Amino acid sequence: MTDPTDRANPQWGGRFAGGPAAIMQTINASIGFDRRLWRQDIRGSLAHAAMLAKSGIISVEDEHAIAGGLEAIAREIEEGRFPFDEALEDIHMNIEARLTERIGEAGKRLHTGRSRNDQVATDFRLWVRDAIDGIDAQLADLMRALAGRAAEHAADPMPGFTHLQAAQPVTFGHHLLAYVEMSARDRLRLADCRRRLNECPLGAAALAGTSFPIDPAATAAALGFDRPCANSLDAVSDRDFALEFLAAAAIAAMHLSRFAEELVIWCSPPFRFVALSDAFTTGSSIMPQKRNPDAAELVRAKGGRVAGALVSLLTVLKGLPLAYGKDMQEDKEPVFDAADAWGLALAATAGMVRDMRPDLARMRAFAGAGYATATDLADWLVRVRRLPFRQAHHVTGRLVAAAEARGVDLDRLTLEEMQAIEPGITAEVVSVLTVDASVASRRHIGGTAPENVARAAARWLEALA
């Protein structure tokens, strides 16, 4: 029969005679959120038990019983039959207690040579590594969606903006490829994070290592880590990998938020550059005409949520002495929440990219608005008339002012009007003032010329295939 004090405090054994206060049990328990680590916990325990048996620390029979019990527990959790118990605090103690219920004394031997400190650090690294692999696949999918639409619209002009003011014409494909480049860097940051986190804390025990003749290299290899952690204090107290994951998430979510903001602007009636279908919009409870880009707005909001998770964990960790403090129980919720928000935002963004329908005629009409080809005129004055650029800039500014005074575009000024400001201008100048001529002239690497955009889109699609 189980001693009631042991049941109240099963992990503390004989040190504590009474149970915790109700508020202590509530604040101390993490099973409400860390149950997400169950796959990683079972994976880590299977590797640990196999190493213990191979090292002669437990018997092969006990290792087989442990493995069978853990596999049965995995089925219970998958099928929703596992009896989670808040009194057992966390996923690690819940699984260990259930294992002992199922297989008896052998279950009590599983924890030999390890602590919850190195156990949770290992589980958490495994979880973040799995999350990185899933997010990386989603980023690649978003890049495919963006590059595919860029290939479709490699030659379709739209206004390019600075300060949200019309600046110079670009192509819609070129604009979309900018987000492909951002997402590629997001993937590189994740790859760097994965490489640095891929060390195994098992063997560090509570903080100083263990006196048992364990083989940390064996458990590291079994779990797909590159090597064991080199310092036991660092192994149990390090959460750099979680911070780095959150930093990568915050940057990537910011990129998604910027694109979402552009979708919100482009969908608005004053712009009407793109439309989203019913699949990614909602209506209004009072205004029947409304089609709100709510998916984009929610992606935009997720950026703040993910950035907040990074600040939250930085604040938790900044004052902690080595090695482990219970404060570190607060490391998981920000990471879980950020990963969920990031994954949802990626899925929604990829969906909107595939769904959006650009109004190419409207984009083209606005591509030259606001005297967007003025720089082409200044460049022509430098290239053909050999004016210094600063002088060409000044002349062009006067020509823009003249066009604005007449209420016409630059190419609608008469040759005589132009020559009144700069006598050397010839009729040839009109050839550079069209939107198509402007975008076609940017042929250098990274420029918006349609052939550049088509090549870049094709290159990305091939790389992502």
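You'll find the structure just up there.
Residues numbered from 1 in each chain as written. Predicted model: local features only at pLDDT ≥ 70, side-chain atom pairs only at ≥ 80, totals over all residues. Heavy atoms only, no water.

Novice: Is there a simple way to think about the overall build of the protein in this case?
Specialist: Scanning the protein from terminus to terminus reveals 20 helices and six strands. Since a compact globule built from 465 residues should have a radius of gyration of about 23 Å, the 31 Å found for the protein marks it as more spread out than a globular shape. Within the protein, contacts between residues separated by at least 24 positions form 74% of all contacts whose residues are at least 6 apart in sequence. Accessible area for the protein stands at about 21,700 Å²; split by element, carbon and sulfur atoms hold 55% of it. (Helix = DSSP H or I, 4+ residues; strand = E, 2+ residues; numbered from the N terminus. Rg over C-alpha atoms; globule rule 2.2 N^0.38 Å. Contact = heavy atoms within 4.5 Å. Areas by Shrake-Rupley, 256 points an atom, 1.4 Å probe, with all protein chains shown as cover.)

Novice: Teacher, can you tell me more about helix 6 (residues 91-103) here?
Specialist: Each full turn of the α-helix corresponds to 3.6 residues, which orients residues three or four apart in the same direction. Helix length check: helix 6, at 13 residues, gives a terminal C-alpha distance of 18 Å against a target of 18 Å (1.5 Å per residue), a fit within 8%. Looking at the buried residues of helix 6, the elements they touch are helix 3 (31-34), helix 4 (38-54), helix 5 (60-78), helix 7 (105-108) and helix 8 (116-152). One side-chain oxygen at the N-terminal end of helix 6 lies 3.1 Å from the backbone nitrogen of histidine 92; it belongs to aspartate 90. Where helix 6 ends, the next residue or the one after it, glycine 104, has phi of about 80°, a positive value. (Expected span 1.5 Å × (residues − 1). Polar contact = N/O pair within 3.5 Å; in protein donor to acceptor, adjacent residues only side chain to side chain.)

Novice: Looking at this structure, I do not really get a nonpolar patch on the surface. What am I missing?
Specialist: Taken together, the side chains of Ile23, Met24 and Ile27 make up a nonpolar region of the molecular surface, amounting to roughly 340 Å² of accessible area. Locating isoleucine 27 in the fold gives a position in helix 2 (residues 22-28). On the basis of relative accessible area, isoleucine 27 is assigned to the exposed category, the value being 62%. (Patch = residues over 30% accessible without salt bridge, like charges linked within 9 Å, V, L, I, M, F, W, Y side chains within 5 Å. Salt bridge = Lys/Arg side-chain N within 4 Å of Asp/Glu carboxyl O. Buried < 20%, exposed > 50% of the residue type's maximum accessible area, 1.4 Å probe, protein only.)

Novice: Mind showing me how you'd approach the packing of aromatic side chains here?
Specialist: The description of an aromatic ring pair rests on the distance of the ring centres and on the angle between the ring planes. What the rule picks out here adds up to eleven aromatic pairs. Summarising the aromatic geometry, the rings of phenylalanine 124 and phenylalanine 336 are spaced 6.4 Å apart at their centres and angled 85° between planes, so their arrangement reads as edge-to-face. In this pair, phenylalanine 124 sits in helix 8 while phenylalanine 336 sits in helix 14 (residues 332-355), placing the two residues 212 residues apart along the sequence. When the centroid spacing of 6.4 Å and the interplanar angle of 90° are considered together, the rings of phenylalanine 259 and tryptophan 266 count as edge-to-face. Here tryptophan 266 falls in the buried class, since its relative accessible area comes to 2%. By the ring-pair criterion, three or more aromatic residues cluster together here, those being Phe124, Trp127, Phe241 and Phe336. We note arginine 35 situated over the ring of phenylalanine 84; from NZ or CZ to the ring centre the distance is 4.1 Å. Directly above the aromatic system of phenylalanine 225 lies the positively charged group of arginine 129, at a separation of 4.9 Å from the ring centroid. (Phe/Tyr/Trp six-rings, centres within 6.5 Å; stacked < 30°, edge-to-face > 60°. Lys NZ or Arg CZ within 6 Å of the ring centre and 35° of its normal.)

Novice: Just to check I follow, could you spell out the packing of helix 8 against helix 9 (residues 172-197) for this structure?
Specialist: Each packed pair of helices is defined by two parameters, the angle between the axes and the distance between the axes. The contact between helix 8 and helix 9 brings their axes to 9 Å, and the two run at 165°. One element, helix 8, and the other, helix 9, form an angle in the roughly antiparallel class. Regarding helix 8 and helix 9, the two cross each other, and that crossing is left-handed. For the contact of helix 8 with helix 9, the class distribution of residues is 18 nonpolar, two polar and nine charged. (Axes fitted to C-alpha atoms, helices over the stretch in contact; angles between N-to-C directions. Parallel < 35°, antiparallel > 145°, perpendicular 65-115°, else oblique. Left-handed = near helix turned anticlockwise from the far one by under 90°. Nonpolar A, V, L, I, M, F, W, Y, C, P; charged D, E, K, R; others polar.)

Novice: Help me understand the packing of helix 8 against helix 14, please; the structure alone is not making it clear to me.
Specialist: As a packed pair, helix 8 and helix 14 sit with axes 9 Å apart at the nearest point and diverge in direction by 15°. For the element pair helix 8 / helix 14, the angle class is roughly parallel. Considering how the two elements wind past one another, helix 8 and helix 14 form a crossing that is left-handed. Within the contact of helix 8 with helix 14, the residues separate by chemical class into 17 nonpolar, three polar and six charged.

Novice: Before we go on, may I ask you to explain the state of the cysteines in this structure?
Specialist: One covalent bond between the sulfur atoms of two cysteine residues makes up a disulfide. This structure, assessed with the given rule, holds zero disulfides. Sulfur of cysteine 200: no disulfide; nearest cysteine sulfur belongs to cysteine 229 and is 6.7 Å away. (Disulfide = S-S within 2.5 Å.)

Novice: How do you make sense of the pairing of strand 2 (residues 165-171) when you look at a structure like this?
Specialist: Along any regular strand the residues' side chains alternate between the sheet's two faces. Judged from the six bridges that link them, strand 1 (residues 157-162) and strand 2 form a sheet pairing that is antiparallel. Counted as the bridge partner of proline 157 is threonine 171 from strand 2. In this antiparallel pair of consecutive strands, strand 1 and strand 2, the connection spans two residues, and histidine 163 shows a positive phi of 60°. (Pairing = 2+ DSSP bridges.)

Novice: How do you make sense of the pattern of salt bridges when you look at a structure like this?
Specialist: Where charged atoms of side chains with opposite charge meet at close range, the side chains can pair. The full count for this structure, using the stated rule, is 30 salt bridges. Between glutamate 152 and arginine 149 there is a salt bridge, and its shortest N-O distance comes to 3.2 Å. Of this pair, glutamate 152 and arginine 149 both sit in helix 8, three residues apart, which is roughly one turn of that helix. A single network of salt bridges, built from pairs that share partners, joins Glu76, Arg98, Glu101 and Arg102.

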